[in-house]
Amino acid sequence: MKMGIVGLPNVGKSTLFNAITSAGAESANYPFCTIEPNVGVVSVPDSRLDYLTVMSQSKKTVHTAMEFYDIAGLVKGASKGEGLGNKFLSHIREVSAIVHVIRCFEDENITHVEGDIDPIRDIEIIQLELILSDLEMMEKRKDRLTRALKGDKSLQAELDLTERILEVLEQEKPARVLSFNEEEVKLLKTLNLLTAKPVLYAANVHENVLDSLDTDPHIQAIKKFAVEEKSEVIVLCSKIESEIAELEPEEKQAFLEDLGIQHSGLDQLIQASYRLLGLVSFLTTGPQESRAWTIKKGTKAAQAAGKIHSDIERGFIRAEVIGFDQLQSFGSMVTAKEKGLLRLEGKEYLVQDGDVIHFRFNV
């Protein structure tokens, strides 16, 4: 899972990146202090996995991980190369989803490149640059496909999709507002469009407004905008996230409770990213290790087995499955087996979030 953190300069991207990854990326009050994307890898917290480690007395615990890319601030004209824009846009094409950080706080000590706080304007600036970049790429693709179609009629479906996407881009709307059938989804993956990537809007607020988010006009405007394009929104304060990053794990929860915050920005970011990308986790456990595996929702048992090793998928016999909550209520796999609670599932079984699975296979 690769998440690209984008936004205008000086909106708090690098501060947030440093806080959630503790990677120490440079953060300064001037545009383009990030040239090459900083990369941080974050373990995805999962209390279920911690429980299984204790239950099985596992020697090792392996959490699933997310990669965050801190991509330099984009400005107007990025699609034409302004502020090294073409280079920055190419970095975004490599990620699975976009975390768009939006400045919703006033601070006279931190310059805003547009002069004042206006979240929707800032979103539209970034979105337009992504649209213009995709538009240029798709226009070239249409010309090439139109020429090639004379000798290869099988390209008609790809040309039809290209024209449909171009129509939306020309209306200054992102490609993700369209619906795609199964064949179009396969074609879409080869295009690597910026505006087809799922977007998570991260509203970066001042700590003083965290207890009045329901009435904050900036937050309400962002949520309304996101609903219209089926995107996710989280609200966080990069300053608080920086303070959390310096605490020991046992101190973090107490700190959040003192502030009246239920989840840290990192927790919100991970949960929203899973929803946005349609991901779930299944778990494996034993004396050697307890591990979380991330898969797409709707993945069949045999394919999930292949996530562990291709041999397990190839030689798949059956999956022994129990939901985590049910396993936890009995306290051990031995007791669950004695009670006959382990289900035997075939290769067509759709793996659910929190399934604890043992795969039987023969190669």
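This text goes with the structure placed above it.
Residues numbered from 1 in each chain as written. Predicted model: local features only at pLDDT ≥ 70, side-chain atom pairs only at ≥ 80, totals over all residues. Heavy atoms only, no water.

Caption draft 1: Seen up close, the side chain of Glu184. Here Glu184 is to be found in helix 6 (residues 182–191). Glu184 gets classed as buried once you look at its relative accessible area, which sits at 17%. Once you skip the residues sitting within four places of it in the chain, Glu184 turns out to touch Leu161, Arg164 and Ser179. (Helix = DSSP H or I, 4+ residues; strand = E, 2+ residues; numbered from the N terminus. Buried < 20%, exposed > 50% of the residue type's maximum accessible area, 1.4 Å probe, protein only. Contact = heavy atoms within 4.5 Å.)

Caption draft 2: Structural detail: the packing of aromatic side chains. Within this structure, the stated rule accounts for five aromatic pairs. Residues Tyr201 and Phe225 carry aromatic rings whose centres are separated by 6.0 Å and whose planes lie at 80 degrees to one another, so their mutual orientation is edge-to-face. Of this pair, Tyr201 sits in strand 6 (residues 199–204) while Phe225 sits in helix 7 (residues 217–228), and the two are 24 residues apart along the sequence. (Phe/Tyr/Trp six-rings, centres within 6.5 Å; stacked < 30°, edge-to-face > 60°.)

Caption draft 3: Geometry of the packing of helix 4 (residues 119–149) against helix 7. Where helix 4 contacts helix 7, the two axes come as close as 9 Å, and the packing angle between them is 40 degrees. Considering the angle they form, helix 4 stands oblique to helix 7. Residues Pro119, Ile120, Ile123, Glu124 and Gln127 of helix 4 form the contact with helix 7, whose participating residues are His218, Ala221, Ile222 and Phe225. Classifying every residue of the contact of helix 4 with helix 7 gives six nonpolar, two polar and one charged. (Axes fitted to C-alpha atoms, helices over the stretch in contact; angles between N-to-C directions. Parallel < 35°, antiparallel > 145°, perpendicular 65-115°, else oblique. Nonpolar A, V, L, I, M, F, W, Y, C, P; charged D, E, K, R; others polar.)

Caption draft 4: Quick peek at a negative patch on the surface. A cluster of acidic residues, Glu139, Asp143, Glu167 and Glu170, forms a negative patch at the surface. Of all the elements in the fold, those that place two or more residues in the negative patch are helix 4 and helix 5 (156–170). Locating Asp143 in the fold gives a position in helix 4. (Patch = residues over 30% accessible without salt bridge, like charges linked within 9 Å, V, L, I, M, F, W, Y side chains within 5 Å. Areas by Shrake-Rupley, 256 points an atom, 1.4 Å probe, with all protein chains shown as cover. Salt bridge = Lys/Arg side-chain N within 4 Å of Asp/Glu carboxyl O. Lys, Arg positive; Asp, Glu negative; His and termini not counted. Charge placed at Lys NZ, Arg CZ, Asp CG, Glu CD.)

Caption draft 5: The pattern of salt bridges, seen in detail. Counted under the stated rule, the structure contains 19 salt bridges. A salt bridge links Asp311 to Arg314, with the nearest nitrogen and oxygen atoms 2.7 Å apart. With Asp311 and Arg314 both in helix 12 (residues 310–314), this residue pair falls three residues apart, about one helical turn. On the basis of relative accessibility, which here comes to 59%, the residue Arg314 falls in the exposed class.

Caption draft 6: A look at the pairing of strand 4 (residues 65–70). In terms of strand pairing, strand 1 (residues 2–6) meets strand 4 through four bridges, oriented parallel. Bridge pairing in strand 4 links Lys2 to Glu67. Inspection of the sheet shows strand 2 (residues 38–43) paired to strand 4 by six bridges, in the antiparallel sense. In the strand pairing of strand 4, Asn38 is matched with Asp70. (Pairing = 2+ DSSP bridges.)

Caption draft 7: Representation of the nonpolar core within the structure. If you look at the biggest cluster of nonpolar residues, it comprises 55 residues, and the most contacted ones within it are Phe68, Ile92, Tyr201 and Ile222. Those residues in contact with Phe68 that lie beyond four places of it in its chain are Met3, Ile5, Phe17, Ile20, Thr21, Asn38, Val39, Gly40, Val42 and Leu269. (Core = buried A, V, L, I, M, F, W, Y, C linked by side-chain atoms within 4.5 Å.)

Caption draft 8: Just the environment of Ala19, in detail. By secondary structure assignment, the location of Ala19 is in helix 1 (residues 13–21). Taking C-alpha positions, Ala19 is 4.6 Å from Ser242, a pair spaced 223 residues apart along the chain.

Caption draft 9: Summary view of the pairing of strand 6. In terms of residue burial, strand 6 counts as a mostly covered element, since six of its six residues are buried. In the sheet, strand 5 (residues 97–103) pairs with strand 6 via six bridges, with the strands oriented parallel. Bridge pairing links Ile98 to Val199 in strand 6. In terms of strand pairing, strand 6 meets strand 7 (residues 232–236) through five bridges, oriented parallel. The residue bridging Ala203 from the neighbouring strand is Val235, located in strand 7.

Caption draft 10: Representation of helix 8 (residues 238–245) in the model. For helix 8, the set of buried residues is Ser238, Ile240, Glu241 and Ile244. Axial view of helix 8: buried residues confined to an arc of 155 degrees, hence all on one face. (Arc of directions from axis to C-beta.)

Caption draft 11: Here's a closer look at the sheet that holds strand 7. Reading across the sheet, the six strands line up as 2-4-1-5-6-7 and stay open at both edges, with mixed pairing between neighbours. Of all strands in the sheet, those with a lone pairing partner are strand 2 and strand 7, marking the two edges. Between one strand and the next, the sheet's axes are offset by a mean angle of 25 degrees, whatever the strand orientation. Summarising the sheet, strand 1 and strand 5 pair through four bridges and their orientation is parallel. Opposite Gly4, over in strand 5, you have Ile98 as the bridge partner. Contacting strand 1, strand 2, strand 4, strand 5 and strand 7, helix 1 runs over the sheet at an angle of about 155 degrees to strand 4.

Caption draft 12: Broad picture of unusual backbone geometry. Of note in this structure, Asn192 is not a glycine but carries a positive phi near 55 degrees. In this structure, Asn192 sits in the loop between helix 6 and strand 6. Here the phi dihedral of Lys230 falls at roughly 60 degrees; this positive angle occurs in a residue that is not glycine. Mapped onto the elements of the fold, Lys230 is located in the loop between helix 7 and strand 7.

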